[in-house]
Amino acid sequence: MLDSATRGHRKHMTSIQSAVSKIGLRGPDEDQTPAASPRAALERGSIQTVPIGYITSCFSVKNGTPRQPTICGPSRAELRIHQSVFNNPEHALVGLEQYSHVWIIFLFHKNGHLSYKAKVKPPRLNGQRVGVYSTRSPHRPNALGLTLARLDTIVGDTIHLSNIDMIAGTPVLDIKPYIPEYDNPLSRMSSHETTDVLNPPNDSDDESALKVEQSDQDDDVSKDKSEADVSVTNSSESSSAQFLPPAALHDVLEEVGAYATQRGLSCAKQDHVSESHKPQPPGGTVDRPCFGEEVYGAVAGWIREPPVRSLEVRFTPQAGRELADFLPAHKSGPSESDRPRFKFLRSPEEAVAAIRGVLSADPRSVYRRTRCKDRLFFFTLDTADITCWFGQGFAEVLRVRPVERCMASM
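Reading guide: rules and limits
- Residues numbered from 1 in each chain as written.
- Predicted model: local features only at pLDDT ≥ 70, side-chain atom pairs only at ≥ 80, totals over all residues.
- Heavy atoms only, no water.
- Helix = DSSP H or I, 4+ residues; strand = E, 2+ residues; numbered from the N terminus.
- Buried < 20%, exposed > 50% of the residue type's maximum accessible area, 1.4 Å probe, protein only.
- Contact = heavy atoms within 4.5 Å.
- Core = buried A, V, L, I, M, F, W, Y, C linked by side-chain atoms within 4.5 Å.
- Expected span 1.5 Å × (residues − 1).
- Pairing = 2+ DSSP bridges.
- Patch = residues over 30% accessible without salt bridge, like charges linked within 9 Å, V, L, I, M, F, W, Y side chains within 5 Å.
- Areas by Shrake-Rupley, 256 points an atom, 1.4 Å probe, with all protein chains shown as cover.
- Salt bridge = Lys/Arg side-chain N within 4 Å of Asp/Glu carboxyl O.
- Axes fitted to C-alpha atoms, helices over the stretch in contact; angles between N-to-C directions.

J.: I tried to follow the overall build of the protein chain on my own but got confused; where do I start?
T.: Looking only at helices and strands, the protein chain has 11 helices and 12 strands in total. Burial statistics for the protein chain: of 410 residues in total, 27% are counted as buried. Look at the contacts in the protein chain between residues 6 or more apart in sequence, and 69% of them connect residues 24 or more apart.

J.: Looking at this structure, I do not really get the environment of Tyr-178. What am I missing?
T.: You can see Tyr-178 is positioned in the loop between strand 8 (171–177) and helix 3 (180–183). In this structure, the C-alpha to C-alpha distance between Tyr-178 and Arg-150, residues 28 residues apart in sequence, is 9.5 Å. Excluding residues that lie within four positions of it along the chain, Tyr-178 makes contacts with Tyr-99, His-101, Val-102, Trp-103, Leu-148, Asp-183 and Asn-184.

J.: I keep staring at the nonpolar core and nothing clicks. Help me out?
T.: Nonpolar side chains in soluble globular proteins tend to end up buried together. Judged by nonpolar contacts, the single largest core of 45 residues is most densely connected at Ile-104, Leu-161, Ile-175, Leu-359, Phe-379 and Leu-381. Considering each element in turn, this core owes the most residues, 5 residues, to helix 9 (residues 348–360). Discounting residues that sit within four places of it in the chain, Phe-379 has contacts with Asn-63, Gly-64, Ile-355, Val-358, Leu-359, Ala-384, Asp-385, Ile-386 and Cys-388.

J.: Hey, could you run me through unusual backbone geometry in this one?
T.: The bulk of non-glycine residues show a negative phi, and the bulk of peptide bonds are trans. Here Asn-126, not a glycine, exhibits a phi torsion of approximately 55 degrees, which is positive. Following the sequence through the fold, Asn-126 ends up in the loop between strand 4 (119–120) and strand 5 (130–131). Judged by its relative accessible area of 36%, Asn-126 falls in the partly exposed class. The backbone phi angle of Asp-382 is positive, close to 60 degrees, even though this residue is not glycine. Of note, Asp-382 is situated in the loop between strand 10 (377–381) and strand 11 (384–391). Look at Asp-382 and you get buried, because its relative accessible area is 9%.

J.: Looking at this model, I keep getting lost on helix 9. Mind explaining?
T.: Along an α-helix, a turn takes 3.6 residues, which lines up residues three or four apart on a common side. In this model helix 9 runs 18 Å from its N-terminal to its C-terminal C-alpha over 13 residues, within 8% of the 18 Å that 1.5 Å per residue would give. Within helix 9, the full set of buried residues consists of Pro-348, Glu-350, Ala-351, Ala-354, Ile-355, Gly-357, Val-358 and Leu-359. Two residues or fewer past helix 9, Asp-362 is found with a positive phi of approximately 55 degrees.

J.: Teacher, can you tell me more about the pairing of strand 1 (residues 53–57) here?
T.: Consecutive residues of a regular strand have side chains that alternate between opposite faces of the sheet. In this sheet, strand 8 lies alongside strand 1 in antiparallel orientation, the contact comprising 2 bridges. Its bridge partner being in strand 8, Gly-53 is matched across the sheet by Val-172. When strand 1 meets strand 2 (residues 76–80), the two strands line up antiparallel, connected through 3 bridges. Looking at the pairing, Ile-55 lines up with Leu-79 of strand 2.

J.: Looking at this structure, how should I read a nonpolar patch on the surface?
T.: Taken together, the side chains of Leu-376, Phe-378 and Trp-389 make up a nonpolar region of the molecular surface, amounting to roughly 270 Å² of accessible area. Counting through the fold element by element, Leu-376 comes out in the loop between helix 10 (366–371) and strand 10. Given the relative accessible area of 42%, Leu-376 is considered partly exposed.

J.: I keep staring at the sheet that holds strand 1 and nothing clicks. Help me out?
T.: In a beta sheet, neighbouring strands pair by backbone hydrogen bonds and run either parallel or antiparallel. Around the barrel, which closes on itself, the 6 strands sit in the order 1-2-7-6-3-8 with antiparallel pairing between neighbours. Each neighbouring strand pair of the sheet contributes to a mean axis angle of 45 degrees, computed without reference to strand direction. Note: strand 3 (residues 101–107) against strand 8, 5 bridges, orientation antiparallel. Bridging from a neighbouring strand, Ile-105 pairs with Asp-174 of strand 8.

J.: Sorry if this is basic, but what is going on with the pattern of salt bridges here?
T.: Should their charged atoms come close, side chains of opposite charge can pair. This model, assessed by the stated rule, comprises 10 salt bridges. Glu-350 serves as the salt-bridge partner of Arg-76, at 2.4 Å between the closest nitrogen and oxygen. In this pair, Arg-76 is assigned in strand 2 and Glu-350 in helix 9, connecting sequence segments 274 residues apart. Take Arg-76 and Glu-350: they sit in the same class, and that class is buried. The network of salt bridges with common partners includes Asp-362, Arg-364 and Arg-369.

Such coordinate-based values are descriptive only and should not be taken to indicate function.
Here it is in structure tokens:
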């Protein structure tokens, strides 16, 4: 027995020596390769991310969490900026209250594994494969997520959000304001300045414009000359016009005023007609330069018309009574302390809307949808544990129980 232990020890030492020789470890007196500077690592794209905070959400587990933020409007979350990032976290949020929505960049920390494939099966495609970069699959080379959330309010160092699709504990890397003028292609408007610069008028057009202008000037000169002749003739006939009586002078001034007014109205009418042919930009928009063709939003066909259709959501009478028993968030009552209470949702009606949003989009995976049709489906919303089942074209909520009681009964 001692000999076998000795042989095992020698074998182990031999393997260690072999590993040390392969990695080429140097002694303490030998020169060591200096570590790469943070600037060099940044230029190579090798950075170490530090979460600025963690999400506190009405979704505690992945099961039943919406895959997109707009699916469940009443869903809410909070993000508190860590003091380890900024000494005064509330200072980093100054000015953010002026925006209605924010981009949230986060990590898919509940993937379960770091593996990924070039093609994935989005649940909305019901098993069909597409490239991972044409989807929002969480299983990516870099497990980064991006969501557009509604900014409800900011209290100190905490941001209150809604329309979210992140579970509790999600590490947030960054937040940025959503600016429709920059982030929404449909809000951009083309400008004609680029076309005018790149397509100047031809010389022939200039010459024809000059000829038209010259002819107009000649007509004006001839017209003025004829009017001058008439005035000279009139003046010759009445050489003593300056000695006219006051009544006659008043009549002359009225004629001159009427003539000037008529000329002004005709010029204004011509200007109005000429301007009416010019294209007018829609009200409330600002011209912005657009290079090349105007950009319009385009998405894959299966996004708007997926193979998986929306489901009708039903509630059993028992589920409705259990849901109505929940108290809204931030509402206290001394005689109702034994009733369950929401932490984020503000009313049972809001909870109904949230449940409808989650189930109408069919949160099941392709595997559950095809091979576990007769199984019950469980998910957690805020402090409620929900039990439901799926039929042909509908989902029905069977039970709505508080999470604490549900965990105690298990």
